[in-house]
Amino acid sequence: MEAESRILSRIKHALKERPKALLPEHPHPALSQDPRELLLKRLAENGAEGHLLDEEGVKRLLANLAQGLPGAAYGKGVPAALRLLPELPPEEAPLGVSRALFAVAETGTVALSSEDGRRAQLLPPVHLVLVEEKRVYPSLLEAFLDLKSLPSALGLHSGPSKSADIGQVMVKGVHGPGRLVVAVLQGTW
Amino acid sequence: MRVKAKLYPKEAARLLREKPGVRDAVTGATLHFEAGRKKAYQEVDAEAWRERAKRVKDHLLTHLDQYLELAEKRLQEKGVQVHWAEDPEEAHRILREIVARRGVRRAVKAKSMLTEELGVNPLLEALGVEVYETDLGEYLIQLLGEPPSHIVGPAIHLALSDIQRLFHSRFGTPLDASPEALAAVARRVLREAFLTAELGISGANFLVAETGTLVLMENEGNIRLATSLPKVHVAFVGIEKLLPRLHDLALFLPLTARAATGQRLSTYVSLIQGPAKEGEEGPEEVHVVLVDHGRTALLHDPEAWEVLRCLRCGACLNACPVYRQTGGHPYGYVYSGPIGAVLDPGLLGLEDTHPLPYASTLCGACYEACPVKIPIPKLLLTWRRRAVEQGLAQGWERAAIQAFSKVMQSPSLYRLFSKGLRGLPLPQDWLPLLRAWTEGRGPLKPSPKPFHQLWQELKE
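Cut-offs used in this document
Residues numbered from 1 in each chain as written. Chains lettered and ligands numbered in written order. Predicted model: local features only at pLDDT ≥ 70, side-chain atom pairs only at ≥ 80, totals over all residues. Heavy atoms only, no water. Helix = DSSP H or I, 4+ residues; strand = E, 2+ residues; numbered from the N terminus. Rg over C-alpha atoms; globule rule 2.2 N^0.38 Å. Buried < 20%, exposed > 50% of the residue type's maximum accessible area, 1.4 Å probe, protein only. Lys, Arg positive; Asp, Glu negative; His and termini not counted. Salt bridge = Lys/Arg side-chain N within 4 Å of Asp/Glu carboxyl O. Contact = heavy atoms within 4.5 Å. Patch = residues over 30% accessible without salt bridge, like charges linked within 9 Å, V, L, I, M, F, W, Y side chains within 5 Å. Areas by Shrake-Rupley, 256 points an atom, 1.4 Å probe, with all protein chains shown as cover. Pairing = 2+ DSSP bridges. Polar contact = N/O pair within 3.5 Å; in protein donor to acceptor, adjacent residues only side chain to side chain. Phe/Tyr/Trp six-rings, centres within 6.5 Å; stacked < 30°, edge-to-face > 60°.

A. Main features of the overall build of chain B. A tally of regular secondary structure across chain B gives 22 helices and ten strands. Its C-alpha atoms give chain B a radius of gyration of 24 Å, near enough to 23 Å, the size a compact globule of 460 residues would have. Principal-axis analysis of the C-alpha atoms gives chain B an extent of 85 × 55 × 45 Å. Counting only residues that meet the buried cut, chain B has 59% of its 460 residues in that class.

Structure representation (structure tokens):
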């Protein structure tokens, strides 16, 4: 407590004579493009894979990804109909499947809540993220302005894990998944 | 950490002489970052973004006490334990208490410049805690026992061959192992650490006051793992790192990513509200340590306080022709390059750092690159002026500048001196002043024609 009052009183003293600066508003961007199209384009630019699919399409994609795999780790929000493989702990699973809270088109981003489960989002080498098309925001600003409540942790993922720390050569899958696949789901589910 | 900024000119000359490869590695990496930033700035109205970001930070800094109190309240509402530390000793006491109470034997760390300031790693080692830096670049320099050379790319001074040799001696990998193979080894070691550590330590890129949100940016996923797997997460946050509103992130996240690495957004952004809720995965305890360590003194400084807007993106390092020659080590403190040259004197006092404001050509590239428009060249001159006023600048400098000014003001004296100097032979050790230059480079050669003649010819 003592450090706090000392620091705050020094700040108050430092600011006594300083003119106060006004807080600017951020202009709203008007995005003309279909946010779903832009999301898929930006995901590809970020080194991820994006697909716009109906429920049958997602099942085909899942079956494709699951070929030869013993199981997968699932986030809580993944519907039973899409749990095609036996469930494995995320430490051992070759595939993680999550359901995103929302996605952002302009940056090619999926937003993953801790309520869905963090390990499945981070530990398996391949990560499949499901997101409803009505949860795709055109911009970060719109997504943040619309957020009513925040989970204990929200992870914004915009591509596969990567690093260029070794001799400036880009390596994927350094700590997190080296492959990110996003399925934008048409309709309600 | 021990501040060695006073040795800057000597250390820079020694590095150029003894490790010429560093110049190539750093130049290559910074030019790459710099090209990325330029391209990424072109995609947006960079001038408007920078101006808006500057104004948000100025608002925050001129209301800092209110926003700190709001942030503390919001954090506590979410179950985060908030601590305040004036200096490294207080920060150490807080961390020591957590380590003892939770019986911590192993800690995973996310890259953070503030924990470098505070000397968190030496403290943990002294407490018998095994510490793993988990950012790949940071892990490399931890293995080498070196400090970071760059704010964003701590290991950019290392060539692939340096890392191949390091991993060969440490892990027995072949001397020609690919970057993928080396990264796989590091991944295996660090994955084990993530799964067994009791404590995760991070800094923060931002702390949103309105919501009490800790914000961390990265590309590897190590920060998400370090803040998700261990039962305790401790974040050290400089008191200037706040943002007023959650939606300010819509500007600051992409702006920082574009300035730092030329990305639209960094691959992973963590927005952390607090410990895991009932039935949720994640840490049981989250601690935020709000650290001053020289920042309130800097806020009090009527000229230098603007440097507190800094987002630690490293863009000014990448743009700087002086930094490019040596990387960050000769600067002798956590923050190197142009920002270090104006931030370090503000945090530590000019007496311990006064050669740093001279580590610049004043070309202005740092200001052009800065996402929050910190007037670095102006601040460099401010610190130089103070060095002269405080008698810290060397006597010959004042005398030399007075003599130079006399000569430059008189056409006849100027002609006389330029003629005379061009005629003189310049042996390597002609003047002690030039030795630092000539030791790392070829001999100086005077131009065959005087400047005013060249200028005349250019005009014609």
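B. Fine view of the side chain of B:Arg191. Its place among the elements puts B:Arg191 in helix α10 (residues 179–196). Look at B:Arg191: it is buried, it has no salt bridge, and the nearest opposite charge is A:Glu91 at 8.1 Å. Leave out the neighbours within four places in its chain, and B:Arg191 touches A:Leu122, A:Leu123 and A:His175.

C. Region of interest: a nonpolar patch on the surface. Residue and element names in this part refer to chain B. A cluster of nonpolar side chains, contributed by Leu413, Leu416, Phe417, Leu421 and Leu424, occupies part of the molecular surface with about 450 Å² of accessible area. Inspection of the secondary structure puts leucine 424 in the loop between α20 (411–423) and α21 (432–440). In this structure leucine 424 comes out as partly exposed when scored by relative accessible area, which is 37%.

D. Region of interest: the pairing of strand β2 (residues 106–109) of chain B. Residues and elements named next belong to chain B. Taking every second residue as pointing to the same face, both faces of β2 are buried, with Arg106 and Val108 on one and Ala107 and Lys109 on the other. Bridge count between β2 and strand β3 (residues 130–133): four bridges; the pairing is parallel. The partner of valine 108 across the bridge, within β3, is tyrosine 132.

E. Layout of unusual backbone geometry. Residues and elements named next belong to chain B. A positive phi is found at histidine 293, a non-glycine position, where the angle reads about 40°. Following the sequence through the fold, histidine 293 ends up in the loop between β10 (285–291) and α13 (295–300). For histidine 293, a relative accessible area of 16% translates into the label buried. The phi dihedral of lysine 373 is positive, around 55°, even though this residue is not glycine. By the secondary structure assignment, lysine 373 is in the loop between α17 (365–369) and α18 (376–389). Assessed through its relative accessible area of 12%, lysine 373 is described here as buried.

F. Broad picture of the side chain of B:His157. Residue and element names in this part refer to chain B. Tracing the chain through its elements places histidine 157 in the loop between α8 (136–144) and α9 (160–171). Classification of histidine 157 by relative accessible area gives buried; the value is 6%. At a separation of 2.6 Å, a polar atom in the side chain of histidine 157 contacts the side chain of glutamate 146. Every residue in contact with histidine 157, bar those within four places of it in the chain, is listed here: Val22, Ala25, Val26, Ile141, Glu146, Ser149, Asp162 and His329.

G. Layout of the packing of aromatic side chains. Residue and element names in this part refer to chain B. If you walk through the whole model with that rule in mind, you get seven aromatic pairs over all chains. Ring geometry for phenylalanine 206 against phenylalanine 252: centres 5.8 Å apart, planes inclined by 70°, an arrangement best described as edge-to-face. With phenylalanine 206 in strand β5 (residues 206–208) and phenylalanine 252 in helix α12 (residues 249–261), the pair connects residues that are 46 residues apart, well separated along the chain. What makes phenylalanine 206 buried here is its relative accessible area of 1%. A relative accessible area of 0% means that phenylalanine 252 is categorised as buried.

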